[in-house]
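The primary structure of each chain is shown beneath.
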Amino acid sequence: MNNYTIDSNKKYLELYNSSTQSPEKFWDKLASNNFVWNKKWSKVVDWDFKKAKISWFKDAKLNITVNCLDRHVIKNPQKTAIIFEPNNPNEKHKSYSYSELLVEVCKMANVLKSMGVKKGDRVCIYLPMIPELAFSVLACARIGAIHSVVFAGFSSNALATRIDDCESSLIITSDGSYRGDKILNLKQIVDDALEICETKQKVLVVKRTNESMNLKHERDYLLNDLIDSVNDVCEPEIMDAEDPLFILYTSGSTGKPKGMVHTCAGYMVYTSYTFKNIFQYQPEDVYWCTADIGWITGHSYILYGPLSNGATTLMFEGVPSYPDFSRFWQIVDKYKVNQFYTAPTAIRGLAKQGDDFLKDASLKSLKVLGTVGEPINEEAWEWYDNNIGKNKCPIVDTWWQTETGGILISSIPNVIPDKPTFATKPFIGIQPILIDDSGDELNEANIVGKLCIKYPWPSIARTIWGNHERYINTYFSAYDNMYFTGDGAFKDDEGNFRITGRVDDVIIVSGHNLGTAPIEDAINEHKKVAESAIVGFPHDIKGNALYGFVTSKDEINDEKLIRKEINNLISNKIGPIAKLDKIQFTSGLPKTRSGKIMRRILRKIASKQYDDLGDISTLLNPEIVQEIKDNSI
Ligand code: PRX
């Protein structure tokens, strides 16, 4: 049986059963039949969750770019691999066929080599959504360098932390980036980051906006000056299955960001398999994921998943609101997009603009719609279904994480029915379970619990860069022999999962993971601030927004000014995405007798659930609750 294409519910059930009953046999066959290997594995999977030791396809040899590029160049060289739609609709778009993309990737790989980059070196990529971002990522993979893409909306401080943590030797950036009608000076942000970085970097600069910039002698190099003199062939580095492919940082509930490490073979197999089936991609389709490659969604479902399937994948540089709110729909019609994958926050933002922006859109080409990054509320789901899918496109609500590498829970068009607000069923090989507070498995239906996964899947992260202990503690120590996701979920009587949200101190704002600790650290640097606590509260468009409770060291005369200064500090330390929507000054924070801030109470107040504060009598300072309630915003 061809186990690669899942085209009926019967087949899904057969494959699901064999993948969970005999995982080694299942993945052995799937990986053998569908990918190019330089050497086969000695063991399919080896794992010990206690030590967080996981390996897939041990001793196998491969290069992921051969699977994403060379094999398609042999079969179908003229097929379009990447369509690039610029920020400005008046600028001409660009398309790269598989053979053109291979040439671009090889040239970029040779530039990296000429700058001294070798297998295992870390390369930090801080670029807007331009084709060179794709070339850079794939060029690293070509030569075995480990890419660490940092979303180009992060501040210089956040960038510096990430550069130092992975000790990269080279950073690839551009002079500037276009975002709607704004230009962001990326090179200046990199310059500022390098002022504070401890590790020495070379900088490779792509020209995009023609901003003026300072080029530092023997540190900064223009891509334009190097690209013409390199060869357009670059032999792929033969990688071990478990060699790191990339590091991608994600926020934790405490301290500094976690550099999640993904490795070559398992990541390739799983992202490829999920892409093909969850989006039901057919050979002539045009697929568009609106995420940024700076996030895991872009890694797995703009680049590696689609390209390993020989798909046509669209990259959009701009924003949904520029030149106006019809931009997404114009792009769908312009390229006859068949699969469209976006975030609930974008859907809510567009729905709010009204249907006028849809009146000239045909949207006839669409076959499958997708969402990712946060729970989608019913209203947004219905709007998406009615107005974009015209009630004929299945909606895949895909649940997964930076750590999981690929989608773990989702419906599959015409195979597993969708259900509004439910991610629905586990993908092949995935064994999700719900756990109660005492760590026991919940087997009954219609119940809420903490979501864990029982058995490894090929694209699970292997470690946190430089801190394996933290990896064990965060994901494998809460419950025996299980991966703990940090999310809560509800399971209905048909086995459909609905994700209820984070159960730790991570808050998802507009689909971005934000840890409370680093934001509080940033606020506490303000000279007037004594202490702060951040919680999330429901927001119409962002899903959640941030509410800060702040105590000051002395009297504050101009609250407006301090609010502004606090948000500037956050912008500086982390990036504008972490700014607070509301800041309430208070004379104290509710604390337990051991001095821990009771965020549960603050969360309720921020969400205006005043009658539901629970028992506050055990607090060290119960009287503060009334004050906070009275002054809440
Ligand atoms: O809370 C879940 C939420 O996003 C978290 C993972 O964030 P990140 O690592 O940034 O990856 C986002 C893109 C994969 C999860 O722990 N999340 C992600 N997808 C969904 C979701 N919550 C509900 N429904 C989803 N479909």
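Residues numbered from 1 in each chain as written. Predicted model: local features only at pLDDT ≥ 70, side-chain atom pairs only at ≥ 80, totals over all residues. Heavy atoms only, no water.

A.B. asks: For the sheet that holds strand E30 (residues 543-552), give the residues involved together with the corresponding values.
C.D. replies: The pairing of strands in a sheet happens through backbone hydrogen bonds and is either parallel or antiparallel. The sheet built from three strands is open, its strands ordered E29-E30-E31 with mixed pairing. What marks the edges here is a single partner per strand, and that holds for strand E29 (529-539) and strand E31 (582-585). For this sheet, the mean inter-axis angle between neighbouring strands, taken without regard to orientation, is 20 degrees. Pairing of E30 with E31 involves four bridges; the strand directions are parallel. If you follow Val-550 over to E31, its bridge partner there is Phe-585. Contacts between helix H16 (residues 559-573) and the sheet are confined to E29, E30 and E31, with E31 contributing the most and set at about 125 degrees to the helix. (Pairing = 2+ DSSP bridges. Helix = DSSP H or I, 4+ residues; strand = E, 2+ residues; numbered from the N terminus. Axes fitted to C-alpha atoms, helices over the stretch in contact; angles between N-to-C directions. Contact = heavy atoms within 4.5 Å.)

A.B. asks: Explain the site of the ligand to me, using residue names and the numbers behind them.
C.D. replies: Taken together, the neighbourhood of the ligand is formed by 18 residues, with Asp-397, Thr-398, Thr-402, Asp-487 and Arg-502 sitting nearest. Glu-374 is positioned such that a nitrogen or oxygen atom in its backbone is 3.3 Å from a nitrogen atom of the ligand. Asp-487 is positioned such that a nitrogen or oxygen atom in its side chain is 2.7 Å from an oxygen atom of the ligand. Protein coverage of the free-state accessible area of the ligand, which is 550 Å², stands at 95%. Counting only elements with at least two residues in the shell around the ligand, the list comes to helix H10 (296-308), strand E20 (395-398) and strand E26 (497-502). Its residues assigned to classes, the shell around the ligand comprises seven nonpolar, six polar and five charged. (Near = heavy atom within 4 Å. Polar contact = N/O pair within 3.5 Å; in protein donor to acceptor, adjacent residues only side chain to side chain. Areas by Shrake-Rupley, 256 points an atom, 1.4 Å probe, with all protein chains shown as cover. Nonpolar A, V, L, I, M, F, W, Y, C, P; charged D, E, K, R; others polar.)

A.B. asks: Explain the pairing of strand E19 (residues 368-372) to me, and be specific about the residues and the numbers.
C.D. replies: For a regular strand, side chains alternate in direction, first toward one face of the sheet and then toward the other. Burial analysis of E19 places five of its five residues in the buried class, which makes it a mostly covered element. Neither face of E19 is exposed, since Val-368, Gly-370 and Val-372 on one face and Leu-369 and Thr-371 on the opposite face are all buried. Pairing geometry for strand E18 (residues 339-342) and E19, over four bridges, is parallel. When the sheet's bridge partners are listed, Phe-340 is paired in E19 with Leu-369. (Buried < 20%, exposed > 50% of the residue type's maximum accessible area, 1.4 Å probe, protein only.)

A.B. asks: Account for the nonpolar core, with residues named and values stated.
C.D. replies: With 128 residues, the main nonpolar core has Trp-37 and Phe-57 as its most contacted residues. In this structure Phe-57 touches Trp-27, Ala-31, Trp-37, Trp-41, Lys-43, Val-44, Ala-241, Ala-265, Gly-266, Val-269 and Pro-458, once residues within four positions along its chain are discounted. Core analysis: the second largest hydrophobic core is formed by 39 residues, Tyr-126, Phe-154, Val-203 and Ile-523 among them. (Core = buried A, V, L, I, M, F, W, Y, C linked by side-chain atoms within 4.5 Å.)

A.B. asks: Explain the packing of helix H17 (residues 599-606) against helix H18 (residues 623-630) residue by residue, including any values.
C.D. replies: The relative placement of two packed helices is expressed as an angle between their axes plus a distance between the axes. One way to put it is that H17 packs onto H18 with a least axis distance of 10 Å and a crossing angle of 25 degrees. Taken together, the axes of H17 and H18 lie roughly parallel to each other. Note that H17 runs across H18; the crossing there is right-handed. Each of Ile-601, Leu-602 and Ile-605 in H17 lies in contact with H18, whose residues at this interface are Val-625, Ile-628 and Lys-629. In terms of residue class, the contact of H17 with H18 is built from five nonpolar, no polar and one charged. (Parallel < 35°, antiparallel > 145°, perpendicular 65-115°, else oblique. Left-handed = near helix turned anticlockwise from the far one by under 90°.)

A.B. asks: Can you tell me about the environment of Ala-311, naming the residues and giving the values?
C.D. replies: Position of Ala-311 relative to the elements: it lies in the loop between H10 and strand E17 (312-316). With relative accessibility at 0%, the residue Ala-311 sits in the buried group. Along the sequence, Ala-311 and Ile-82 sit 229 residues apart, while their C-alpha atoms lie 8.5 Å from each other.

As far as function goes, none of this settles anything; it's purely spatial.
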